[in-house]
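Here are the chains, one letter per residue:
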Amino acid sequence: MTRTVIILATAVLASAAHAETVAELHEKELNAIDANNDGFLSKDEFNAFSDYAFQTMDEDKNGTLGLDEAKPFLDIKQFQNVDRNKDSFISRAEYDAQMDEDFNTADQDGNGQLD
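The following refers to the structure shown. Along each chain, numbering runs from 1 in the same order as the chain's sequence is written. Thresholds applied to this predicted model are a pLDDT of at least 70 for local features of residues and 80 or more for the giving and counting of side-chain atom pairs; totals over whole chains, interfaces and linings are not thresholded and use all residues. Only hydrogens and water are set aside; all other atoms, that is, all heavy atoms of the structure, feed into the side-chain values.

## Brief notes about the nonpolar core
Buried together is how nonpolar side chains tend to be arranged in soluble globular proteins.
Inference 1: Phe46, Met57, Leu65, Ile90 and Tyr95 are the most contacted members of the largest nonpolar core, which has 19 residues in total.
Inference 2: Secondary structure elements with two or more residues in this core: α3 (43-57), α5 (76-82) and α6 (92-106). By convention a nonpolar core is built from buried Ala, Val, Leu, Ile, Met, Phe, Trp, Tyr and Cys residues, the set being connected through side-chain atoms within 4.5 Å. When accessible area is computed with a 1.4 Å probe and restricted to protein chains, residues below 20% of their type maximum are described as buried, those above 50% as exposed, and intermediate ones as partly exposed. Only runs of H or I of at least four residues qualify as helices and only runs of E of at least two qualify as strands under DSSP, and these elements are numbered from the N terminus.

## Focus on the pattern of salt bridges
Inference 1: By convention in these notes, a salt bridge is any Lys or Arg side-chain nitrogen within 4 Å of a carboxyl oxygen on Asp or Glu. Within the structure shown, the criterion is met by five salt bridges.
Inference 2: Its salt-bridge partner being lysine 43, residue aspartate 100 comes within 2.7 Å of it at the nearest N-O pair. Highlighted residues: aspartate 100 in helix α6 and lysine 43 in helix α3, separated in sequence by 57 residues.
Inference 3: The exposure class assigned to lysine 43 is partly exposed, which follows from its relative accessible area of 22%.
Inference 4: The salt bridge partner of aspartate 96 is arginine 92, with a shortest N-O separation of 3.0 Å. Of this pair, aspartate 96 and arginine 92 both sit in helix α6, four residues apart, which is roughly one turn of that helix.
Inference 5: A relative accessible area of 28% means that aspartate 96 is categorised as partly exposed.

## Describing the packing of aromatic side chains
Inference 1: Two aromatic rings, drawn from Phe, Tyr or Trp (for Trp, its six-membered ring), form a pair once their centres lie within 6.5 Å of each other, and the interplanar angle then sorts them: stacked below 30 degrees, edge-to-face above 60, tilted otherwise. Applying the stated rule across the entire model yields three aromatic pairs.
Inference 2: Considering the side-chain rings of phenylalanine 54 and tyrosine 95, the 4.9 Å spacing of their centres and the 55 degrees angle between planes classify their relative orientation as tilted. Taken as a pair, phenylalanine 54 in helix α3 and tyrosine 95 in helix α6 lie far apart in primary sequence, 41 residues in all.
Inference 3: Looking at phenylalanine 54, the relative accessible area reads 3%, which means it is buried.

Pasting the structure below:
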């Protein structure tokens with residue numbers, strides 16, 4: 001399940017803006033992060049999933065994602081886009097900002113959940 005969640009985090013991080021509905025996510029992946037099993041992904045569930053994914057990807061537990069840690073999940077262009085200050089690390093703040101943007105973009109009706 002850990003690998004599935006990380007892969008899903010990568011997909012969300014890289015292209016959540018292109019996902020119009022949670023239905024575009026694989027059902028098994030949705031079930032892994034839909035804590036209340038209502039078929040929707042709330043902002044709280046998304047944030048919990050995002051936190052878990054970051055902690056799992058941060059292998060050295062230093063609070064940042066280096067290129068080597070991110071490489072299995074993000075290509076160099078995606079990494080550079082998230083690394084907003086261009087210091088060759090994705091900080092937790094940069095990661096959270098990207099995830100927030102992705103959620104808000106995917107939440108097209110602004111109801112605070114992906115459905």
